[in-house]
Amino acid sequence: MSKILLVEPGFPIPAKSKNHRDFLPVGLLKLASYHKANGDKVRLVRGDKLVGEFCPDEIKITSLFTYWSKYVWDSVKFYKKNYPRAHITVGGIYASLMPDHCKQSECDKVFVGVDPKAEASAPDYSLVDVDYQIVHSSRGCVRKCKFCGTWKIEPEFIPKKSIKDEICSNRVIFYDNNLLANPYIKDILDELKNAKCNGRAVYSESQCGIDGRLLTPELAKLLKQAHFLNPRIAWDHGYSQRQMIKKQIEMLIEAGYRAKEMYVFMISNFEHDFYEMLQKIKECKKWGVQTADCRYRPLNQTFDNYNPRVAQTSADYFIHQNWMDWQVKLFRRKVREQNIVIRHGFESYNRELERLGRK
Ligand code: SF4
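Residues numbered from 1 in each chain as written. Predicted model: local features only at pLDDT ≥ 70, side-chain atom pairs only at ≥ 80, totals over all residues. Heavy atoms only, no water.

Asker: Explanation requested: the site of the ligand in the structure shown.
Answerer: Taken together, the residues surrounding the ligand are Cys141, Arg143, Cys145, Phe147, Cys148, Thr150, Trp151, Asn177 and Asn178. Here the shell around the ligand is composed, by residue class, of five nonpolar, three polar and one charged. (Near = heavy atom within 4 Å. Nonpolar A, V, L, I, M, F, W, Y, C, P; charged D, E, K, R; others polar.)

Here is the structure:
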């Protein structure tokens, strides 16, 4: 029996979002189950903290985005100093994308990719306070988009045929990279349609945007019947794709979704410049759908000190050659304001209306 300390570094996540579905350290929760099943003693720590009498033999630290590498290094330093005899492994996204950089943190081992032992275990939700569960119905992706690290970390696309035995909550969050690419997606949606937990229906959502190129009218209907909420369609490329995206939205509307409960997911601060991106969000406004924008950072970016309130340069955060600092910030503001207009059905944005909309 070993004592295992599982660590989520002190990432700059606001306290109220610690248990938000986007940030749950699900890999650590799976490792917790795996080690407990093997008779090990397990503790989970979120941030750099001492754990009383518990003196770990092994410390497993997770990592997230490469631009949050600093927090991983801080954790390695803190736990190495306080538990010099423990063996420290770092795994997760940053460790998998930049193993050589991660090794310089002076951890004992860098774990690259998905741990098959952990992957076979259900997350131990007793260690966190959440009202949802996370499900991977597939790993990897069938595509290789150049801005995405999925295909580097999870090179093989591995779909599951069924998830019904995993359901233990009325709210399922899919962490699939490309949910619709699963060849068994119709069966899985059928399982969700009929699933019950505590006698009540099960609702689901996807953390990633859905790959609308794989959407069909039949799949759109199945998503709706499966109580799948707030579909987010990925519009990763240029304005020239607008007809295709429009058709995907129409399929979802035909299936019963309302425009304002949908999102179009897009990448800013990347190859398509500010003015083209403005055209894209104008289309979203025309369609009455909200925009979920993601600010691009390269997969080997090791810092990000973005601050929306002050003027900055590339020394502070990554600014793509097709963009300028003011454009990155103005675009994000426009997306936010437009979403408020769409959500509340306003004619146009103003602060007073936003305040009233919140009441
Ligand atoms: S489809 Fe999505 S998950 Fe797959 S490679 Fe492209 S961005 Fe990544």
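So, next bit.
Asker: What am I meant to see in unusual backbone geometry here?
Answerer: What you tend to see is this: most non-glycine residues have negative phi, and most peptide bonds are trans. In the Ramachandran plot, Asn230 falls in the positive-phi region, its phi being about 40° despite a non-glycine side chain. Locating Asn230 in the fold gives a position in the loop between helix H8 (217–225) and strand S13 (232–234). You will see that Asn269, though not glycine, has its phi angle at about 60°, which is positive. Its location among the elements puts Asn269 in the loop between strand S14 (263–268) and helix H10 (274–287). (Helix = DSSP H or I, 4+ residues; strand = E, 2+ residues; numbered from the N terminus.)

Asker: It is not clear to me how the side chain of Arg297 should be interpreted in this structure. Could you clarify?
Answerer: Within the secondary structure, Arg297 sits in the loop between strand S15 (290–295) and helix H11 (325–344). Polar contacts involving the side chain of Arg297 include one to the main-chain carbonyl oxygen of Arg295, which spans 2.9 Å. Residue contacts for Arg297: discarding those within four places in its chain leaves Tyr67, Asp304 and Phe318. (Polar contact = N/O pair within 3.5 Å; in protein donor to acceptor, adjacent residues only side chain to side chain. Contact = heavy atoms within 4.5 Å.)

Asker: What am I meant to see in the pattern of salt bridges here?
Answerer: Oppositely charged side chains can form a pair if their charged atoms are brought close together. Taken as a whole and assessed by the stated rule, the structure comprises 22 salt bridges. One salt bridge in this structure joins Asp211 and Arg143, with 2.5 Å as the shortest N-O distance. Pair noted here: Asp211 is in the loop between strand S12 (203–206) and H8 and Arg143 is in the loop between strand S7 (138–139) and helix H6 (150–153), with a separation of 68 residues, a long-range link. Note on Asp211: relative accessible area 7%, which makes it buried. Its relative accessible area of 25% is what places Arg143 among the partly exposed residues. With a shortest N-O distance of 2.9 Å, Arg213 and Asp211 are connected by a salt bridge. Take Arg213: its relative accessible area is 40%, and that puts it in the partly exposed class. One salt-bridge network, in which partners are shared between bridges, spans Lys30, Glu119, Arg139 and Glu154. (Salt bridge = Lys/Arg side-chain N within 4 Å of Asp/Glu carboxyl O. Buried < 20%, exposed > 50% of the residue type's maximum accessible area, 1.4 Å probe, protein only.)

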